[in-house]
Amino acid sequence: MVRYGMVIDLNRCIGCRSCAVVCKMVNSVPTGTWWQRVETVGSKEHMVPTGEYPNLSEVFLPVPCMHCENPPCVKVCPVGATWKREDGLVLVDFERCIGCRYCLTACPYGVRQFNWQDADENIKQGFEVAGFEENWYKPSDYKYGYPIDHRTKDGRLVYTKTRPRGVVEKCTFCVQFVDQGIAPACVRGCPGNARVFGDLDDPNSEISKVLKDRSTFRLLEDLGTEPKVFYIPPARKEGRGGVNYEKKV
Amino acid sequence: MKRKFDLAIAVLAVLALIGIVAWIMQLQRGLILTNMRNPFTWGLYIAMWAFYVGTAAGGLVVSSAIYIFGVKQLKPIAPVASVTAFIFAVAAMLMALPDIGRPDRLLNLFIYPNFKSLILWDFIILSTYAILSAIYTFVLLRPKIAASGISIPFVGTVMKRDMTAEEIQRLEKESERRAKILAPIALPFAILIHTVTAWVLATQLSRPWWYGGLLAPTFIAAALTAGPAVVILASLIVYGYRKDLQDAYRLLAKVSAFSVVALLFMYYNDFFVRQWWDAGREFDTIMLVFRDYLAIHAVEVIFMLLGTFILATRYNSVGGLVAGSLAVNIGILAHRYLLIPPAYNIIPLRVPVVLGIESFEWSYPIAVGDIRGTLMNPQPVFTAYWNYVPSLIEIAITIGVFAIISLVLLGMLRALPVYPQGSQ
């Protein structure tokens, strides 16, 4: 049985947000909506260290959907529009969701996003806010994103470029690529190679080896959601990434 | 009296129309017209939904008091009570409707039900309760309907039958017998509507403001506060203040007043337990209430206490009953509104930040869902705090639902022969 998971090495994350941008590009994510967030932990602004000199910390934490083994969003959905596939991917059926947003309430990671209006309107609004002239953007024009609608084997629509209004969406681990045997866009687009994606149940997969070798943690483990996104904790960096411990007390 | 009634109907009709127009606008543009966003996904609609579920409790109190606890003085107002139970159970479901992003797909609730989801169960329980209340009302009124019929505007009187006194007596006996059977069946549902509504929220471990076993009991206490107060108001509209109803009003006022005390006890008991630890997410919810929502908290507590005081001391006058019932309901309304903000503004994903020997927890911001601000003055896309204030559209729809429900309630009270024999 295949069970997909991801490891993110926080030592390698440089906080460039490439994963968030490439995710937006290939998944046609509407303006203002982000399936993938990267923030500097503890800081109000990204890329600004937190704390007071010399006690500073600058850890970048990317947060995709955790694709939990025990997903609260799946349990609360009254119509089963979000479900956990056999390979462990937690997906949303765009054609079944009634937009009650109970899953946004249930998800402890804040990864679920609602289409509050038409995606075209969102994009138009984005251009307006950015100061472009009126009519600069035409909704009928080219739309970015993976061009083909994707359905699971049982025919459920899990990816489409034209997002229906009033439904919930979220990170799918790029289901349209995973079904073709290609890793998610954020894994391929990470310039620091911080991410490993693969089959957790296969002991010979790269991700299983990484998980065996390195100590990892998961977010909000005490909630019992059993996320399938693992993090390799950042070591305190001194010099060139080496760790120096004082020998004397 | 007739002119006042017509004026009230006219005002309510205008408000209902505004609400319907607002809802059509929201259907056209989407929920963007509300002030809810991804970090704050439920707002006024859901607060009002919980409020209406509470106000539907009146029918339960009255019918169970009559047929299970044998309080006979409540019998004359039983039909009014069960009508309010029906109408507010419907109101709760109607209120949740504009909150749904895709109302056109509501049938999916029947086609693909997920029985693990408590929203589905809430829908099942609420509709069952509404149907049971309707049946119960009909059973109670059957002899009177047969005697004087239902007067529907523009249609005239229907279901009137010419009967002998003997037949009417037989119908009355039958109605009594059936009501006795129905009351214990309806009672568990009446308790369940509040419990399951509370469970929708209380099961969410990611929302410490709701999570826990105490939410369902406080929902029942809030229902036993608001429900009887609503029955008092409705029967004052129908019957006015009459000598033979004095006992009924006093009993309802007492139930409502006592429930406020129970509610406040459970509420502050929870507050104390949460604040004692001085840290953590549970503690932060309380701090958020006192820091950002103190005004709403003050309204809920002051109005509840004021209402209790009036209901406990002035139950012998119309003014006292009206003022007390209204005050109690305003308090419960504020209580219901306060369900929402502390749940969302404590972000569940908190990451520990370790700085040398210090450490603190930091809330991971959530993408808002649209672009706000201008080029020179951009608003953050990711935020860990959403200052929710209901938008005009939300308020218009909420008032519209209230107006529609009041219209239907007044219309039903007028059409059905709820008046006791001999007075009209």
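Below, the structure is looked at part by part. None of these values were measured; they are calculated from a predicted model.

Helices and strands together make up the secondary structure of chain B, namely 14 helices and 6 strands. Over its C-alpha atoms chain B spans a radius of gyration of 23 Å, differing by no more than 12% from the 22 Å that the globule rule assigns to 424 residues. The principal-axis extents of the C-alpha atoms in chain B amount to approximately 90 × 45 × 45 Å. Looking at chain B as a whole, 45% of its 424 residues are labelled buried. In chain B, once contacts between residues fewer than 6 apart in sequence are set aside, the share between residues at least 24 apart is 77%.

With 46 residues of chain B at the interface, the matching set in chain A holds 52 residues. For the side of chain B that touches chain A, the elements supplying multiple residues, two or more each, are α5 (108-111), α6 (118-148), β3 (350-355) and β5 (366-367) of chain B. Among the elements that make up the side of chain B that touches chain A, the one with the highest residue count is β3(B) (3 residues).

Residue and element names in this part refer to chain B. Counting 190 residues, the largest nonpolar core has Trp49, Tyr52, Ala89 and Ala92 as the members making the most contacts within it. With 14 residues, helix α4 (residues 78-96) is the largest single contributor of residues to this core. Setting aside anything within four residues of it in sequence, one finds Tyr52 in contact with Phe88, Ala91, Ala92 and Met95.

Attention shifts here to the packing of helix α2 (residues 44-55) of chain B against helix α7 (residues 165-202) of chain B. Residues and elements named next belong to chain B. Following both chains from N to C, one finds α2 and α7 inclined at 160°, their axes separated by 9 Å at the closest point. One way to sum up the angle between α2 and α7 is to call them roughly antiparallel. Between α2 and α7 lies a crossing whose hand is left-handed. Contacts between α2 and α7 involve Ala50, Val53 and Gly54 from the first element and Ile193, His194 and Thr197 from the second. Here the residues of the contact of α2 with α7 sort into 3 nonpolar, 3 polar and no charged.

Residue and element names in this part refer to chain B. The N-to-C vectors of helix α11 (residues 294-313) and helix α12 (residues 318-337) enclose an angle of 155°; their axes lie 7 Å apart at closest approach. The orientation of α11 with respect to α12, classified from their angle, is roughly antiparallel. Two packed elements cross with a definite hand, and for α11 against α12 that hand is left-handed. From α11, Ile296, Val299, Glu300, Phe303, Met304, Leu306, Gly307, Thr308, Ile310 and Leu311 reach across to α12, where they touch Gly320, Ala323, Gly324, Ala327, Val328, Ile330, Gly331, Ala334, His335 and Tyr337.

All names here are of chain B. Of the strand pairs in this sheet, β3 and strand β4 (residues 358-363) are connected by 6 bridges, and their pairing is antiparallel. Among the inter-strand pairings, Val351 is bridged to a residue of β4, identified as Trp362. In this structure, the hairpin formed by β3 and β4 is closed by a connection of 2 residues, where Gly356 is found at a positive phi of approximately 60°.

Conventions and cut-offs
Residues numbered from 1 in each chain as written. Chains lettered and ligands numbered in written order. Predicted model: local features only at pLDDT ≥ 70, side-chain atom pairs only at ≥ 80, totals over all residues. Helix = DSSP H or I, 4+ residues; strand = E, 2+ residues; numbered from the N terminus. Rg over C-alpha atoms; globule rule 2.2 N^0.38 Å. Buried ≥ 20, exposed ≤ 12 C-beta atoms within 10 Å, placed from the backbone. Contact = placed C-beta atoms within 7 Å. Core = buried A, V, L, I, M, F, W, Y, C linked by C-beta atoms within 7 Å. Axes fitted to C-alpha atoms, helices over the stretch in contact; angles between N-to-C directions. Parallel < 35°, antiparallel > 145°, perpendicular 65-115°, else oblique. Left-handed = near helix turned anticlockwise from the far one by under 90°. Nonpolar A, V, L, I, M, F, W, Y, C, P; charged D, E, K, R; others polar. Pairing = 2+ DSSP bridges.

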